[in-house]
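Coordinate analysis (summary)
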Amino acid sequence: MAHPHLTLRRPADAEQAAPDTGTTAELRKAFAAIRAEQGVEVEFPAEVVAEAERVVGEDHLPGRDERGIELVTLDPEGSMDLDQAVHVQREGEGFLVHYAIADVPAFVAPDGAIAAEAWERGLTVYCPDERAPLHPPVLSEGAASLLPEQDRPAFLWELHLDADGALTEATVGRAVVRSRRRYAYAEAQELIDSGEAEETLALLKEVGLLRIEQEKARGGATLPMPEQEVEVTADGFTTRFRPLLPVEDWNAQVSLMTGMAAAELMLGAEVGILRTMPEPAEEDVRTLRRQARALGVEWADDARYGDFLRSLDTSDGTHLFLVHEATTLFRGAGYTAFDGELPELTTQAAIAAPYAHATAPLRRLVDRFVLELCAALSAGDEVPVWVREALPRLPEVMEAADSRARSVERECVDAVEAAVLAPRVGQEFDGIAVEVSEKAFTVQLADPAVVARARGTAEPGDEVRVRLTEADVAAHRITVERV
């Protein structure tokens with residue numbers, strides 16, 4: 001099955017929310033089997049746990065005190081692994097953004113057991129029933145997490161923007177910070193919309209909108225794919241399609257800006273690791289243009305593909321088909337390490353600028369090295385030897401971890417979709433044909449929120465009716481056919 005963007009939502013009380021009986025018990029077995037097949041471990045070895053418990057009791061706070069900055073965090077409901085905290089204020093006609101990132105290296109010795117295990121995992125892997133974290137929860141959801149009203153070591157970025165939202169100066173250094181409040185996205189959006197938001201949230205909207213305009217001017221592109229969520233409910237697990245809230249995009253723009261600042265620092269010093277993606281092949285862009293023209297969807301001759309994608313409305317079946325087809329433009333993303341000589345490819349095409357992963361060290365291995373490297377460069381210090389030595393190894397480890405995480409998430413969603421539909425074999429559903437081949441097509445159902453491969457033929461963007469013929473939870477497989 002093919003899927004839109006996946007988000008596995010798991011509230012803090014997931015174990016209490018979902019009963020361990022019937023279909024839910026079958027799903028839990030399926031999730032465990034998927035993790036086992038992919039080599040994903042939830043529990044940590046005893047020596048890793050012991051080291052984590054020891055370092056938590058030590059003092060890791062740096063000398064620079066920035067607890068006076070009224071930082072806040074914005075994350076999905078129930079999140080405990082809080083990597084980032086933000087504060088925005090006006091500075092002349094522009095803005096000053098303080099962006100604090102969890103100081104994971106303060107707790108993780110380069111040659112220790114925690115570090116060795118993180119190399120094996122690469123990423124936090126999210127499943128509907130539980131997560132397989134990159135670091136032991138006592139760190140990632142405790143001592144290293146930027147939880148509210150807690151003194152924490154952090155890499156504090158100072159990002160200066162002009163009145164148009166363009167970045168004019170960026171520095172980063174270690175500091176003690178103290179987040180004031182943890183916002184869930186929906187709560188933050190409601191406060192902003194009502195005009196009751198505190199200054200940081202109100203200015204985050206201003207900065208976010210300006211950064212979106214900067215992205216457009218650069219020629220950046222965002223794929224407006226519907227986001228498919230797996231939710232834990234009182235009855236078990238279910239799926240839904242959820243549009244992203246505007247505040248999520250505004251918050252993401254700050255993270256992207258920080259990653260771009262990190263990339264420029266490293267390129268200037270000719271040492272580092274970038275997140276890169278080549279420009280889409282001209283033939284793929286021409287193919288998408290031909291498809292749009294054939295379907296009667298306007299794409300001006302002088303409009304770049306990013307502008308075209310921003311114009312699409314995924315509530316329209318034809319537009320939704322084109323969004324799925326546009327995934328061919330976003331291929332080839334990877335990690336590029338360099339030391340002493342700049343690589344041939346230095347940009348991430350969708351961002352239309354050099355970019356590095358630098359804002360999620362609790363959940364992603366590479367960020368720990370990028371942050372340590374950028375802090376050294378910003379201070380004019382030598383890059384730590386352990387960082388330099390790790391650079392050649394990181395691309396392969398991260399790409400394998402990315403692939404593993406995608407496979408686990410995709411298969412877990414397939415299993416949930418099968419469970420949601422299992423009691424309804426033989427029933428018919430309405431959907432939209434979003435990918436089409438000669439003898440089959442992919443159909444996106446709205447209710448329930450499922451994407452499945454269907455036998456039969458359809459035209460791109462057709463509204464179709466399909467019959468469910470099989471839903472196998474253990475095999476995480478759905479079979480439908482056009483009526």
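About the cut-offs
- Residues numbered from 1 in each chain as written.
- Predicted model: local features only at pLDDT ≥ 70, side-chain atom pairs only at ≥ 80, totals over all residues.
- Heavy atoms only, no water.
- Helix = DSSP H or I, 4+ residues; strand = E, 2+ residues; numbered from the N terminus.
- Rg over C-alpha atoms; globule rule 2.2 N^0.38 Å.
- Buried < 20%, exposed > 50% of the residue type's maximum accessible area, 1.4 Å probe, protein only.
- Contact = heavy atoms within 4.5 Å.
- Lys, Arg positive; Asp, Glu negative; His and termini not counted.
- Charge placed at Lys NZ, Arg CZ, Asp CG, Glu CD.
- Pairing = 2+ DSSP bridges.
- Axes fitted to C-alpha atoms, helices over the stretch in contact; angles between N-to-C directions.
- UniProt positions renumbered as here; feature names shortened; annotations may be inferred.
- Phe/Tyr/Trp six-rings, centres within 6.5 Å; stacked < 30°, edge-to-face > 60°.
- Lys NZ or Arg CZ within 6 Å of the ring centre and 35° of its normal.

1. Notes on the overall build of the protein chain
For the protein chain, the helix and strand inventory stands at 14 helices and 17 strands. For the protein chain, whose C-alpha radius of gyration is 23 Å, the value lies close to the compact-globule estimate of 23 Å for 483 residues. Its C-alpha atoms give the protein chain principal-axis dimensions of about 70 × 55 × 50 Å. When burial is assessed residue by residue, the protein chain has 55% of its 483 residues classed as buried. Once local pairs closer than 6 in sequence are excluded, the contacts in the protein chain between residues at least 24 apart make up 73%. Treating the 47 positive side-chain charges of the protein chain as one cloud and the 88 negative ones as another, the clouds have centres 3 Å apart.

2. Brief notes about the sheet that holds strand β17 (residues 477-482)
A barrel is described by the order of its strands in space; here 5 strands give the closed sequence β13-β14-β15-β17-β16, paired in mixed fashion. Here the strands of the sheet are splayed against their neighbours by 50 degrees on average, with no regard to which way each runs. Relative to the sheet, helix α11 (residues 317-325) contacts β13 (428-436) and β14 (440-445), its axis offset from that of β13 by approximately 45 degrees.

3. Digging into the UniProt feature "domain: RNB" (unreviewed entry) in the protein chain
Taken from the UniProt record, the annotation "domain: RNB" (unreviewed entry) applies to residues 63-380. As annotated, residues 63-380 comprises 36% helix and 25% strand, and the C-alpha atoms at either end are separated by 18 Å.

4. Brief notes about the packing of aromatic side chains
A complete count under the given rule lists 5 aromatic pairs for this structure. With a centroid separation of 5.5 Å and 55 degrees between ring planes, the pair formed by W119 and F369 is classed as tilted. Here F369 lies in helix α12 (residues 365-379) and W119 lies in helix α4 (residues 113-121), a separation of 250 residues in the sequence. There is no split in this pair, since W119 and F369 are both buried. Each residue in the set W119, F369 and W386 is aromatic and connected to the rest through ring pairs, giving one cluster. The residue whose ring lies beneath R121 is F44, and the NZ or CZ to ring-centre distance is 3.7 Å. Positioned over the ring face of W119 is R393, at 4.0 Å from the centre of the ring.

5. A closer look at the pairing of strand β2 (residues 71-75)
The buried fraction of β2 is high, at 5 of 5 residues. Side chains L71, T73 and D75 project from β2 onto one buried face, and the interleaved V72 and L74 project onto a second face that is buried too. Here β2 runs beside strand β8 (residues 167-184); their pairing, made up of 5 bridges, is parallel. Considered in β8, the bridge of D75 is made with A184.

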